[in-house]
Amino acid sequence: MNFKHLFIDHESFSAADLKKQGAYAYAEHPTTEIMLTTYAFDDGPVYCYDATDGGPMPRDLRRALRQFAKGYTGEDGPRMVGANYLMFDRLLLRECWGYDIDPRNIIDTMVLAFRHALPGSLAAQCEVLGVSEDLAKDKRGKALIQRFCKPTPKNYKVRRYDKTTHPQEWREFVAYAKSDITSMREVFYKIPTWGNSAFEDAVLAVDQRINDRGFYVDTALANAAIEAVKKHKAELQAEAAEKWGSSLTGAAFIPTLQALAPAFDIPNAQKSTLNDLLADEDLPDDARTLIEMRLGASSTASTKYNPLLLGLSRDGRRRGCIQYGGASRTLRFAGKGFQPQNLARGYFSGDELDGGISMLLRGRAHWLYDVSKLTASTVRGCIVPTPGNKLVVADYSNVEGRGLAWLAGEQAALETFRSGLDIYCVTAGKMFGMDPANIKEHRKDLRQIGKTCELALGYSGGVGAFVNMAKVTGLDLYAMADMMKGTFPEHIWAAAKKGYEYARIQEKNRKGFAGKKAERPSYDLPKNVWLTCDSIKRMWRESHPATVRFWRELEDGAMLAIKNPGRSYWAGDAVRADGNKAVKITRTFSRDEYGEKVPGWWLKLEMPSGRILSYPGVGISVEKVIDDDADSTDKPEYRERIRYMGQNQTTRKWSKQYTYSGKLCENLCQAFCRDLLAAALVRVEEAGWPIILHVHDEIVTDVPQLPEYNVAELERLMCELPDWAEGFPLAAEGAEMMRYAK
């Protein structure tokens, strides 16, 4: 057959719950069947094969599927094109009809969209890309899917609707399925191509191999944890009712807690509020106990066990837990279903954790352990090697901090990383004029400040970012302010005082979402604490001049590129082989009928790897600067902001977004580090190390218990540098284990 693209989609029926069980378990379920297959060759007409008729598959479709199932069709061979096809329809074809298609033969429009910072759903893509109404996705499809793709409720006489029960709606269903092909084809032609490359296709193929392989699950431990949590929560509720006549949830909780701690302001029962109360040494013991019981009963860490078990395949492996490009724009990997990227670090480790697992399996964990804390620690332990194998795991060391230093050209930080010194101690030493070795040995308090700085301030974070990170690192800001009183250089303290009132005005005027109070992490800080945090920020910036310059070059370059389509601007250190700086910034353009430039829709940031970060719908907004202290006769001030279109992280809707130097820097660093990991995934797989999972900057392999599969070799494979990262100070640390652990 002579064609370039087969546009294809399937509509299926199953009693399995796709959202709860995931695509792999759904496809394997005995009730799952493909009902409709709609398809079109290139720009030809759309056909529909109704498999519920019992008739043979159309000859052209059968021949095409057989061609794709024979193996990889080659770099210039034909391709199947589908929406979310790799992680759903491909599995249906394999399990229902026996066509096992090489992922390299498939172009997934969702993947194409992610590579260009566009939304993943076909309906949203049609809206964003301006697909005409007559070609766009039929919006009534959801109701038809509910009718024909799922069984009816158990108390209904008719357990399944089909063409015999609803003939008119079935015809509409067929029309809807055909409309998916027309809309998908139009989207495919409209999506740019600069995000596609042979390297990304290789990464995608490895990603699909990892998802297909999955990981082995200790179901006994998972079930024991679920049972222990259920019993523990019931005991906590009963104890609270007996002691204080109150439930740990519901409207009665806050009044009961307020009665136990009358001197404290308790506005709500959010986890952050309760943790702040626990941090206060003056909190009465009964109130502390009640809060700890509530947090124990409401712990969400243990809820990971159900999605782990519900999605199991027949062979006891959990598959499909990684989404390629799930973090749009940076193209970082995200979690699906079980969400391995969001596992709690846990409270126990080593022998203590091993003992807890043993007690859980025997049903006696409550004798020695806080069950809520233990089960939060044992989720990772449910991931085990295939019988007879071992897990070899390695994690990049502070790769984001190294990435920022390399892209910006922060030479002192790079030398610190290359020499193997503690970056947190070196940072504190530069800020306070002390020997890093002395800080490491005698001044843990200063190391903690250095750590908080490195984690909070690298992306132009201010006092708010420092305060939020201090909560994570456990840094006591009040004790820090007392300790550092009078130690700052005069110019630093004076600058902090000058910025204090302006910063308060900015936070005061910050608007919350949907009428809610805005987050103002630093607004209520005592003045001396705020000034101390701001002074530390300023000292960190003074000691990292290349990083500060990188921020400025990124924002200035983006602004200039938006105003001058087609011209290139550069930012960062000269790390490219051709001597150019790390990041190339351009705006797309076209030409009108007179040959004049027309500004394009996209801002493009090209990284050293050649991959492009895309910002669609780009422009510049001009806003009035609000100053409560300004005189009415003063001339108003305005500022420019970089605007683009993207998904709002609160509403999940496509809308105007704004970015700035620090956010651009964060996107680039995370994308750069993602590319390092992606290159390592391909390299480790090609070396014959089966990867079963990767979480953030960590790779988990399931390998034979042979000496050649060792930690040092995995670290070596992960730290081989691609050509575009020559000189990067990459390092990794690993371990061998029989249960996955942090």
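Residues numbered from 1 in each chain as written. Predicted model: local features only at pLDDT ≥ 70, side-chain atom pairs only at ≥ 80, totals over all residues. Heavy atoms only, no water.

Moving on: the overall build of the chain. Of regular secondary structure, the chain possesses 27 helices and 21 strands. Relative to its length of 742 residues, the chain is compact, with a C-alpha radius of gyration of 28 Å against a globular reference of 27 Å. Dimensions of the chain, computed from the C-alpha atoms along their principal axes, are close to 85 × 80 × 65 Å. Per-residue burial over the chain gives 51% buried out of 742 residues. Across the chain, every contact between residues at least 6 apart in sequence was considered, and the portion connecting residues at least 24 apart equals 66%. Carbon together with sulfur atoms contributes 49% to the accessible area of the chain, which is approximately 35,100 Å² in total. Computing the positive centroid from 100 side-chain charges and the negative centroid from 98, the chain places the two 4 Å apart. (Helix = DSSP H or I, 4+ residues; strand = E, 2+ residues; numbered from the N terminus. Rg over C-alpha atoms; globule rule 2.2 N^0.38 Å. Buried < 20%, exposed > 50% of the residue type's maximum accessible area, 1.4 Å probe, protein only. Contact = heavy atoms within 4.5 Å. Areas by Shrake-Rupley, 256 points an atom, 1.4 Å probe, with all protein chains shown as cover. Lys, Arg positive; Asp, Glu negative; His and termini not counted. Charge placed at Lys NZ, Arg CZ, Asp CG, Glu CD.)

The sheet built from three strands is open, its strands ordered S7-S6-S10 with antiparallel pairing. Two strands close off the open sheet at either side, each with one partner strand: strand S7 (317-318) and strand S10 (383-384). Across two bridges, the pairing between strand S6 (residues 215-217) and S10 is antiparallel. Opposite Val-217, over in S10, you have Ile-383 as the bridge partner. (Pairing = 2+ DSSP bridges.)

For the rest of this paragraph, the subject is helix H18 (residues 423-432). Taken across its ten residues, H18 has eight buried, putting it largely inside the fold. Three or more residues of H18 are buried, namely Ile-423, Tyr-424, Cys-425, Val-426, Thr-427, Ala-428, Gly-429 and Met-431. Each element contacted by the buried residues of H18 is listed here: helix H17 (411-419), helix H19 (436-442), helix H20 (444-456) and helix H24 (527-542). A side-chain oxygen of the first residue of H18 lies 2.9 Å from the backbone nitrogen of Tyr-424; this N-cap is Asp-422. Gly-433 sits one or two positions beyond H18 and adopts a positive phi of about 65°. (Polar contact = N/O pair within 3.5 Å; in protein donor to acceptor, adjacent residues only side chain to side chain.)

This part takes up empty space enclosed by the protein. Summary: where empty space remains is shown by rolling a probe the size of a single water molecule over the atoms. Within the structure shown, the criterion is met by three cavities of 30 Å³ or more. Roughly 50 Å³ of volume is contained in the largest cavity. Together, 13 residues line the largest cavity, and Leu-86, Met-87, Val-111, Gln-208 and Gln-323 are the ones closest to its centre. Among the elements of the structure, helix H3 (85-97), helix H4 (109-115), helix H8 (198-213) and strand S8 (322-327) are those that each provide at least two residues to the lining of the largest cavity. (1 Å grid on protein atoms, 1.4 Å probe; cavity = no way out; pocket = protein on both sides within 12 Å on 5 of 7 lines; lining within 4 Å. Points joined across faces, edges and corners; volume = space filled by probe spheres on them.)

What follows is about helix H14 (residues 350-361). For H14, which comprises twelve residues, the first-to-last C-alpha distance of 17 Å matches the rise-based estimate of 16 Å (1.5 Å per residue) to within 8%. Buried within H14 we find Leu-353, Gly-356, Ile-357, Met-359 and Leu-360. Along the axis of H14, the buried positions cluster into a sector of 165°, meaning they face one direction only. Just beyond H14, the residue with positive phi is Gly-363, at close to 75°. (Expected span 1.5 Å × (residues − 1). Arc of directions from axis to C-beta.)

We now examine the state of the cysteines. In the structure shown here, the tally under the stated rule is zero disulfides. In this structure Cys-48 is not part of a disulfide, and its nearest cysteine sulfur, from Cys-149, lies 12 Å away. (Disulfide = S-S within 2.5 Å.)

It is worth spelling out the sheet that holds strand S21 (residues 732-737) at this point. Spatially, S19-S20-S11-S21 is the arrangement adopted by the four strands of the open sheet, whose pairing is antiparallel. Looking along the sheet, the strands with just one partner apiece sit at the ends: strand S19 (691-695) and S21. Going from strand to strand, the sheet's axes swing by 20° on average, the running direction of each strand aside. In terms of strand pairing, strand S11 (residues 389-396) meets strand S20 (residues 698-704) through seven bridges, oriented antiparallel. (Axes fitted to C-alpha atoms, helices over the stretch in contact; angles between N-to-C directions.)

Before going further, it helps to spend a moment on the nonpolar core. Counting residues in hydrophobic clusters, the biggest one holds 166 residues, and the most contacted among them are Met-80 and Phe-672. Broken down by element, the residue count for this core peaks at 14 residues, all from helix H26 (residues 661-686). Among all residues touching Phe-672, those that are not within four sequence positions of it are Gly-403, Trp-406, Leu-407, Met-607, Pro-608, Trp-724, Ala-725 and Phe-728. (Core = buried A, V, L, I, M, F, W, Y, C linked by side-chain atoms within 4.5 Å.)

With that out of the way, let us pick up the environment of Tyr-424. As for its placement among the helices and strands, Tyr-424 is situated in helix H18. The class for Tyr-424 is buried, based on a relative accessible area of 14%. Placed 351 residues apart in sequence, Tyr-424 and Thr-73 show a C-alpha to C-alpha distance of 51 Å. Aside from chain neighbours lying at most four places away, what touches Tyr-424 is Asn-398, Arg-447, Gly-450, Lys-451, Glu-454 and Leu-455.

Below, the discussion takes up the packing of H8 against H26. In the contact formed by H8 and H26, the axes pass within 9 Å of each other and the chain directions differ by 65°. Crossing angle aside, the handedness with which H8 passes H26 is left-handed. Residues Phe-199, Glu-200, Ala-202, Val-203, Val-206, Arg-209, Ile-210 and Arg-213 of H8 form the contact with H26, whose own contacting residues are Arg-674, Asp-675, Ala-678, Ala-679, Leu-681, Val-682 and Glu-685. Classifying every residue of the contact of H8 with H26 gives nine nonpolar, no polar and six charged. (Left-handed = near helix turned anticlockwise from the far one by under 90°. Nonpolar A, V, L, I, M, F, W, Y, C, P; charged D, E, K, R; others polar.)

Here we take up the side chain of Thr-473. For Thr-473, the position within the fold is in helix H21 (residues 463-473). Looking at Thr-473, its side chain comes within polar contact range of the side chain of Thr-452, at 2.9 Å. When near neighbours in sequence (up to four residues on either side) are disregarded, Thr-473 contacts Gln-448, Lys-451, Thr-452 and Leu-455.

Let's shift gears to the pairing of strand S13 (residues 583-591). Sheet topology note: the strand S12 (residues 569-571)/S13 ladder contains three bridges and is antiparallel. Across the sheet, the residue bridging to Trp-570 is Lys-584, located in S13. For S13 and strand S14 (residues 597-606), the ladder comprises seven bridges, and the chain directions are antiparallel. Bridge pairing links Arg-591 to Lys-597 in S14. Here S13 folds back onto S14 in antiparallel fashion, the turn holding five residues, of which Gly-595 has a positive phi close to 85°.

In this description, a pair of aromatic rings is defined by centroid distance and the angle of the planes. Scanning all chains against the criterion turns up 27 aromatic pairs. Relative to Phe-68, the ring of Phe-3 has its centre 5.9 Å away and its plane inclined at 70°; by these criteria the two rings are edge-to-face. Of this pair, Phe-3 sits in the segment before strand S1 (5-13) while Phe-68 sits in helix H2 (residues 59-69); the two residues are 65 residues apart in sequence, bridging distant segments of the chain. Residue Phe-3 shares its accessibility class with Phe-68, and that shared class is buried. With 5.6 Å between their ring centres and 35° between their planes, Tyr-39 and Tyr-47 make a pair best called tilted. Among the aromatic residues, those joined into a cluster by ring pairs are Phe-3, Tyr-39, Phe-41, Tyr-47 and Phe-68. (Phe/Tyr/Trp six-rings, centres within 6.5 Å; stacked < 30°, edge-to-face > 60°.)

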